[in-house]
Amino acid sequence: TGEKDVNVIFFADVRGPVSAGYPPTGAPVPYTTGAYMGVANRNAFGNYQIFTGLLRIATSSLPDNAQISAASLRVYVMGKADNDGRNLIASWYDAANWPIDAPDWTLDAGNNAIAGTPLSALNVNSQNTLSLDNPTQVSTTGYTALRFSISGGAPAGDNYVAFAASDQTSNPVEELTITYTLP
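First things first, this report covers the structure right here in the doc.

The rules behind each value
Residues numbered from 1 in each chain as written. Predicted model: local features only at pLDDT ≥ 70, side-chain atom pairs only at ≥ 80, totals over all residues. Heavy atoms only, no water. Helix = DSSP H or I, 4+ residues; strand = E, 2+ residues; numbered from the N terminus. Buried < 20%, exposed > 50% of the residue type's maximum accessible area, 1.4 Å probe, protein only. Contact = heavy atoms within 4.5 Å. Salt bridge = Lys/Arg side-chain N within 4 Å of Asp/Glu carboxyl O. Pairing = 2+ DSSP bridges.

### Comments concerning the environment of I150
No. 1: With respect to the helices and strands, the residue I150 is situated in strand β11 (residues 143–150).
No. 2: A residue is classified by how much of its surface remains accessible, and I150, at 4% relative accessible area, is buried.
No. 3: Look past the residues within four positions of I150 in its chain and what remains in contact with it is V39, A40, N41, R86, N87, L88, L119, N159 and V161.

Printed below as a string of structure tokens:
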């Protein structure tokens, strides 16, 4: 089953001068519209910047008694930088927290959904399929959500990935593919 009712948020633009140290501090600035979702751990333009990406997909069309055995997420990568050999990581996120606000930002998203996909393995200007760990976290009664970040501590360079978001029409948007059986 491919689920296409997607809400994307390019979320946390927390930044601060490199001279102030890592991690940057301050109130996260949420972005809820735009053509892309950014995930970053950057040392660029004299600043540390950390962007946490959040994605929510309607999965209520699945049968309530579905036994989910696999899930993958297809994303269109619009751009990336990988100066430090970092990984894209993600964790399952409680979709009931929607709408998202500043306290949803985190320095490290965790990795119980995507343990680590090397940024170097992502192809720019094309769709990439990310296998999801712990697929039983997919909800059959509402929405399923993921929180993304870039692995590692203080970056020496620029590390980011930008995915096409639901607010644009020129590239494919995220698609969750679920494999399940019925008892």
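### Brief notes about unusual backbone geometry
No. 1: Residue P23 is bonded to the preceding Y22 through a cis peptide linkage, with omega at -5 degrees.
No. 2: Structurally, P23 can be placed in the loop between β3 (14–17) and β4 (36–44).
No. 3: Positive phi is not limited to glycine here, since F45 has a value of about 60 degrees.
No. 4: With respect to the secondary-structure elements, F45 resides in the loop between β4 and β5 (47–51).
No. 5: Judged by relative accessible area, F45 falls into the exposed class, the value being 73%.
No. 6: For N125, which is not glycine, the phi torsion reads 60 degrees and is therefore positive.
No. 7: Among the structural elements, N125 can be located in the loop between β9 (114–118) and β10 (126–132).
No. 8: For N125, a relative accessible area of 53% translates into the label exposed.

### What to know about the pattern of salt bridges
No. 1: On inspection of all chains with the given rule, the structure shows three salt bridges.
No. 2: With its nearest N and O atoms 2.4 Å apart, the salt bridge here joins D13 to R15.
No. 3: What makes D13 buried here is its relative accessible area of 9%.
No. 4: R42 is the salt-bridge partner of D158, the closest N and O atoms lying 2.5 Å from each other. Taken together, the residues D158 in the loop between β11 and β12 (159–164) and R42 in strand β4 connect sequence positions 116 residues apart. In this pair, the class of D158 matches that of R42, namely buried.

### Some thoughts on the environment of N83
No. 1: The topology assignment puts N83 in the loop between β7 (67–82) and β8 (87–93).
No. 2: Through-space distance from the C-alpha of N83 to that of S61 is 41 Å; in sequence the pair is 22 residues apart.
No. 3: If sequence neighbours within four positions are ignored, N83 has contacts with G157, D158 and N159.

### Some thoughts on the pairing of β8
Each regular strand carries side chains that alternate between the two faces of the sheet.
No. 1: The element β8 is extensively covered by neighbouring structure, given that six of its seven residues are classed as buried.
No. 2: Sheet analysis places β8 next to β9, joined by three bridges and oriented antiparallel. Pairing of N87 across the sheet is with P118, part of β9.
No. 3: In the sheet, β8 pairs with β11 via six bridges, with the strands oriented antiparallel. Paired with I89 across the bridge in β11 is S149.

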